[in-house]
Amino acid sequence: MTEENIAFKSFYYSLGTTSFRMQNFNQKIEQQLDLLNQFWQKREYANEKWESNESVQEAYYNFIKESGFLKEGDAPRKAKDARQKTSGMRDIGLIDDNRRLTAVGKKLLEIAKSGNFASDNFLQIPKDSFVYFQQLLKTFITINKDSGVRPFVLLARLLKKFNYLSKEEFMYLFPLCINRETTEFIENKLSEFRGKDVNVGEIVTEIFMQQQNYKDALDYFVSEKSVSEETFCKVGLNRKSKGYDSAYFPLYNAIKKVYFDYDKSPKAIMALYEASDIGNVKTHWRKFLFKTSSSSSIKKSPLDQLQSANMFSNLEDEKAFKTVFFKTMHMVKVERTLEDYFDLNRRYLKISDTLLFADEQVKFDVIPKYYFSLLSDEFYNLAFVKSDELAELQTLEEISPLLKLDDKKLLKVINKDNKTSFSQIGDIKQFVADERTKRFNKLIDEKFSDTQLIYILQLISKRADKEIQELVTDDADIPTIFEYILGIAWYKISERKGDILSFMNLSLEADLLPKTHAGGGEADLVFQYEAENGYPKHSLLIEATLADSTNQRRMEMEPVSRHLGEYMLTHKGLESYCVFITNFLNMNVISDFRNRRKMEYYGGKNGDEVINGIMITPLENELLVTILRNGVKYPQLYKFFHEIQESSLAPKEWYGELKEKITAIK
């Protein structure tokens, strides 16, 4: 048997490329659409081609580097990096093969430039998300000459049938559905195990062992009388270089010695531990072989930490041992690759804002769930049919007549499930808002306790950006996350009164975590309070910045007072004031805001409208931490903020008194 007979053949897919993982996904797409648009308008590149033109590709890399889009050092191969940074946008039809903006890309750039992402569709998702939704319905991944799939349509098919996929099912099984046969096989397995623990490893193994190249490789491996490094280079079916698989030879020998030859000596077990150190799959192997991941515990007591019962235990002969090793080796390799693809698939699919990735499950949001439940099974046949219109801006009915919305049926199923009585599609807007608010409160309970909020605010003070994004989301920049966390903190201080999602005025994913757009990080938090004991009906604007003391005066003094002044002019007769929160306050910023209470604010077209004094209370981040830690509630703060405004102290002394009194509030 020759090596060519047992070469790797793809049987799974991913959206995008692992070579470029885009954090702040929406923002990066919008920025690159704008940068590409600018690049091709340059006279020297206007008539150039992209494909097979490394000089232009390198020029684009240098252009986006100079623009500040790239923060890291120069790539060793600039042209390759430029291709990688744009290929994902091509895959979903925002740009063509020559990296020119398609009609779809131009539409998204237009939306981004306008800054208006408000929903204008029956799914109640942002207008840019609706464009992504339309694109994902058409996006087709070619696996090989006989296989290809539209991942989003495929996922819709699975979610219609099963309502949800577990994180494991989405990660390991969903990307294996490359044709009708494999999809039906996985659907049957999911039906069989629904409600039980699904052994995804067994299903993954069953699927790749149906491939002829894996069958041939196993036959070759079992028949080899003398196994060597070269044997593993042949049967490893490595996607990149066969040489990588030579590392499995010492692992094979070490496992064979411990489990098949039954040598449980400390020396043999430690040799097994060392041999399992194979790149990015070592964690998987060590989970099978040892009870702990602690190297010190294994070294201290090798036999006690060895897994005595696993897939290698009690095998009757060498053929059985080889078979189990071969299948385990490839199961681990496939699972590790699919784990790498998980983030890509999740990131691309969630830009539609129709999917929820929470509670270790993947499912549709409320309205998309009902919409897809009404589509005929005929529609889901499109999962395996390529679209030739990816670059075209199409309506749902143009994508497929089967996507036509039946208003009456949609309203009927929503009313039946939720005991409501909506008569028009527009009526469900409040229903969706109420459902989102319930989910948001649940998210706060589960993820943002007071202790966690304090910890995140302290990390923001230190600008521990990486850890902040790990705790919240990496689809938003730190200023946006800061504003999001402030909104949650103030909502809790306000005892969760009012419509928090409208107060925050931020772009949120379907999972209700923040996302940043190309012009992001600038929205105000506007809390609206009805009259209660302790305060009248009023509005509170919360302005936030992470600008350092050097830049605060230049960046914040005019915008903050202007935002409050203009808000008061458009809400005449309504008491309104502002709280400005930052890490470190510049003393001249304190002075400016303090003195605004005695200064006129002029607005209107010609400055013909005037407000006699505005109230801006500056707070450092550490004071918000104190307020949360002491359990201070908003009625106490409202009273305090207004009382201390009457102080006659100079700004520096006034702020010192403010800090002392806030610390003393209980």
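Residues numbered from 1 in each chain as written. Predicted model: local features only at pLDDT ≥ 70, side-chain atom pairs only at ≥ 80, totals over all residues. Heavy atoms only, no water.

Enquirer: Help me understand the sheet that holds strand β7 (residues 538–545) in this model?
Expert: The strands that make up a sheet are held in pairs by hydrogen bonds between backbone atoms, and each pair lies either parallel or antiparallel. Reading across from one edge, β6-β7-β8-β11 is the order of the four strands in this open sheet, with mixed pairing throughout. Taken across any chain shown, the strands that pair with only one partner, and hence form the sheet edges, are β6 (525–529) and β11 (616–620). Recorded for the sheet is a direction-independent mean angle of 20° between the axes of neighbouring strands. Sheet analysis places strand β8 (residues 575–582) next to β11, joined by five bridges and oriented parallel. Within β11, the residue paired with Cys578 across the bridge is Ile616. Most of the contacts of helix α29 (residues 634–644) go to β8, to which it runs at about 95°, and overall it touches β6, β7, β8 and β11. (Pairing = 2+ DSSP bridges. Helix = DSSP H or I, 4+ residues; strand = E, 2+ residues; numbered from the N terminus. Axes fitted to C-alpha atoms, helices over the stretch in contact; angles between N-to-C directions. Contact = heavy atoms within 4.5 Å.)

Enquirer: How should I be thinking about the pattern of salt bridges in this particular structure?
Expert: For side chains of opposite charge, pairing can occur when their charged atoms come near one another. The full count for this structure, using the stated rule, is 37 salt bridges. For Asp474, the salt bridge identified is with Arg347, shortest N-O distance 3.1 Å. Residue Asp474 is found in the loop between α23 (465–471) and α24 (478–493), and its partner Arg347 is found in helix α17 (residues 318–350); the two are separated by 127 residues along the sequence. With respect to class, Asp474 is no different from Arg347; both count as buried. A salt bridge links Lys350 to Asp475; its shortest N-O distance comes to 3.8 Å. Placement of Lys350 in helix α17 and of Asp475 in the loop between α23 and α24 is noted, with a sequence separation of 125 residues between them. (Salt bridge = Lys/Arg side-chain N within 4 Å of Asp/Glu carboxyl O. Buried < 20%, exposed > 50% of the residue type's maximum accessible area, 1.4 Å probe, protein only.)

Enquirer: Help me understand the nonpolar core in this model?
Expert: Most often, soluble globular proteins keep nonpolar side chains buried together rather than apart. Membership of the largest hydrophobic core comes to 145 residues, with the highest contact counts inside it found for Trp285 and Phe372. In terms of residue count, the dominant contributor to this core is α17 (14 residues). Look past the residues within four positions of Phe372 in its chain and what remains in contact with it is Phe133, Leu137, Phe152, Ala156, Lys160, Phe364, Phe379 and Tyr380. (Core = buried A, V, L, I, M, F, W, Y, C linked by side-chain atoms within 4.5 Å.)

Enquirer: Would you mind going over the packing of aromatic side chains with me for this structure?
Expert: Two numbers describe a pair of aromatic rings. These are the distance of the centres and the angle of the planes. Evaluated as defined, the whole model comprises 57 aromatic pairs. Measuring from ring centre to ring centre gives 5.8 Å for Phe130 and Phe133, while their planes differ by 40°; the resulting arrangement is tilted. Of this pair, Phe130 and Phe133 both sit in helix α5 (residues 127–138), three residues apart, which is roughly one turn of that helix. Judged by centre distance (5.9 Å) and plane angle (50°), the ring pair of Phe640 and Phe641 falls under tilted. Looking at Phe641, the relative accessible area reads 0%, which means it is buried. Ring-pair connections join several aromatic residues into one group, and the members of that group are Phe221, Phe232, Phe249, Tyr252, Tyr259, Phe260, Trp285, Phe288, Phe312, Phe321, Phe325 and Phe326. Of note, Lys322 hangs over the ring of Phe221, and the distance from its end group to the ring centre comes to 5.6 Å. (Phe/Tyr/Trp six-rings, centres within 6.5 Å; stacked < 30°, edge-to-face > 60°. Lys NZ or Arg CZ within 6 Å of the ring centre and 35° of its normal.)

Enquirer: I tried to follow the layout of surface pockets on my own but got confused; where do I start?
Expert: With a probe scaled to a water molecule rolled over the atoms, the places where space remains empty come into view. In this structure, the second largest pocket spans a volume of roughly 960 Å³. Lining the second largest pocket we find 34 residues, and of these Leu356, Phe357, Ala358, Asp359 and Asp511 sit closest to its centre. Breaking the lining of the second largest pocket down by element, the ones donating at least two residues are α17, β4 (355–358), β5 (361–364), α18 (366–374), α21 (428–447) and α23. Here the element with the most residues in the lining of the second largest pocket is α21; it accounts for six residues. (1 Å grid on protein atoms, 1.4 Å probe; cavity = no way out; pocket = protein on both sides within 12 Å on 5 of 7 lines; lining within 4 Å. Points joined across faces, edges and corners; volume = space filled by probe spheres on them.)

Enquirer: Just checking my understanding: could you explain unusual backbone geometry for this structure?
Expert: Apart from glycine, the bulk of residues carry a negative phi angle, and the bulk of peptide bonds sit in the trans form. In this structure, Gln124 is a non-glycine residue whose phi angle is positive, near 60°. Not every positive phi belongs to a glycine, and Arg463 is a case in point at roughly 55°. In this fold, Arg463 is placed in the loop between α22 (450–462) and α23. Residue classification places Arg463 among the partly exposed positions, given a relative accessible area of 38%.

Enquirer: Which parts of the structure should I look at to understand a negative patch on the surface?
Expert: A cluster of acidic side chains, namely Asp261, Glu316, Asp317 and Glu318, defines a negative patch on the protein surface. A relative accessible area of 73% means that Glu316 is categorised as exposed. (Patch = residues over 30% accessible without salt bridge, like charges linked within 9 Å, V, L, I, M, F, W, Y side chains within 5 Å. Areas by Shrake-Rupley, 256 points an atom, 1.4 Å probe, with all protein chains shown as cover. Lys, Arg positive; Asp, Glu negative; His and termini not counted. Charge placed at Lys NZ, Arg CZ, Asp CG, Glu CD.)

Enquirer: Explain empty space enclosed by the protein here, please?
Expert: One pass over the full model with this rule turns up three cavities of 30 Å³ or more. In this model, the largest cavity occupies a volume close to 60 Å³. Phe25, Asn26, Arg347, Lys350, Ile351, Asp353, Asp475, Glu509 and Lys515 together form the lining of the largest cavity. Put simply, the parts of the chain that give the lining of the largest cavity at least two residues each are α1 (25–41) and α17. Across the lining of the largest cavity, the residue classes tally to two nonpolar, one polar and six charged. (Nonpolar A, V, L, I, M, F, W, Y, C, P; charged D, E, K, R; others polar.)

Enquirer: Is there a simple way to think about the sheet that holds β5 in this case?
Expert: Pairing is antiparallel in the open sheet, where three strands are placed in the order β3-β5-β4. Strands with a single pairing partner mark the edges of an open sheet, and in this sheet they are β3 (165–166) and β4. Alignment of β4 against β5, held across four bridges, turns out to be antiparallel. Opposite Leu356, over in β5, you have Lys363 as the bridge partner.

Enquirer: Quick question: what am I supposed to make of the packing of helix α27 (residues 587–595) against helix α30 (residues 651–664) here?
Expert: Two quantities define a packed helix pair, namely the angle between the axes and the distance from one axis to the other. Put simply, α27 and α30 touch, their axes get as near as 9 Å, and they point 90° apart. When the axes of α27 and α30 are compared, the pair comes out roughly perpendicular. Contacts from Met587, Ile590, Ser591, Arg594 and Asn595 in α27 reach Pro651, Lys652, Trp654 and Tyr655 in α30. Class assignment of the residues belonging to the contact of α27 with α30 gives a composition of five nonpolar, two polar and two charged. (Parallel < 35°, antiparallel > 145°, perpendicular 65-115°, else oblique.)

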